[in-house]
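For reference, the chains in residue letters:
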Amino acid sequence: MRANVVLFWVLTGFFALSAAVYTFWTLIDEHEPGVEWVGLVAISLSAVLSAFIAFYLGRVHREQGGELPEDRLDANIDDGDAELGFFSPWSWWPIMLAGSAALVFLGLAVGVWISFLAIGPALVSLVGWVYEYYRGNFAR
């Protein structure tokens, strides 16, 4: 986490320096003298945003006190390999749900009647995925 904090503080400095250079560059422009406000505001707000993220990550790191494996020099690759969760092997329900969701959004873009046709399979897919381990071969 410490590396992320340092990275975002460096990013803050980069955006602040870029805003200063951008302001100077637009002031010396021959064609339209004056500050170009849209770019200046966008770059300055990028600096503020990266400062907010760096401050937040610094506070979280200080409160938690622990170090991540990527902060230690003696860490192995396997130290950062945590359990990501349980995923159903051989399950077709997520694919069916994704297809139904794609049809719902296609219906919103092309014709609403497609969305009405896709709501039924979406509900069946959602219920099937949720109750997958309550029936059949994998019931617990």
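Further up the page is the structure itself.
What counts and what doesn't
- Residues numbered from 1 in each chain as written.
- Predicted model: local features only at pLDDT ≥ 70, side-chain atom pairs only at ≥ 80, totals over all residues.
- Heavy atoms only, no water.
- Phe/Tyr/Trp six-rings, centres within 6.5 Å; stacked < 30°, edge-to-face > 60°.
- Axes fitted to C-alpha atoms, helices over the stretch in contact; angles between N-to-C directions.
- Helix = DSSP H or I, 4+ residues; strand = E, 2+ residues; numbered from the N terminus.
- Parallel < 35°, antiparallel > 145°, perpendicular 65-115°, else oblique.
- Left-handed = near helix turned anticlockwise from the far one by under 90°.
- Contact = heavy atoms within 4.5 Å.
- Nonpolar A, V, L, I, M, F, W, Y, C, P; charged D, E, K, R; others polar.
- Buried < 20%, exposed > 50% of the residue type's maximum accessible area, 1.4 Å probe, protein only.

### Considering the packing of aromatic side chains
Phase 1: Within the structure shown, the criterion is met by two aromatic pairs.
Phase 2: With a centroid separation of 5.5 Å and 55° between ring planes, the pair formed by Phe-14 and Phe-15 is classed as tilted.

### Considerations on the packing of helix α3 (residues 93-109) against helix α4 (residues 112-130)
Phase 1: Across the interface, α3 lies against α4 with an axial gap of 8 Å and an inter-helix angle of 160°. Taken together, α3 and α4 sit at an angle that is classed as roughly antiparallel. The hand of the α3/α4 crossing is left-handed. Residues Trp-93, Pro-94, Met-96, Leu-97, Ser-100, Leu-103, Val-104, Leu-106, Gly-107 and Leu-108 of α3 lie in contact with α4, whose contacting residues are Val-112, Ile-114, Ser-115, Ala-118, Ile-119, Pro-121, Ala-122, Val-124, Ser-125, Leu-126, Gly-128 and Trp-129.
Phase 2: Partitioned by chemical class, the residues of the contact of α3 with α4 number 17 nonpolar, five polar and no charged.

### What to know about the side chain of Ser-115
Phase 1: Residue position: Ser-115 is located in helix α4.
Phase 2: Here Ser-115 falls in the buried class, since its relative accessible area comes to 6%.
Phase 3: Setting aside residues up to four positions removed in sequence, Ser-115 forms contacts with Leu-103, Val-104, Gly-107 and Leu-108.

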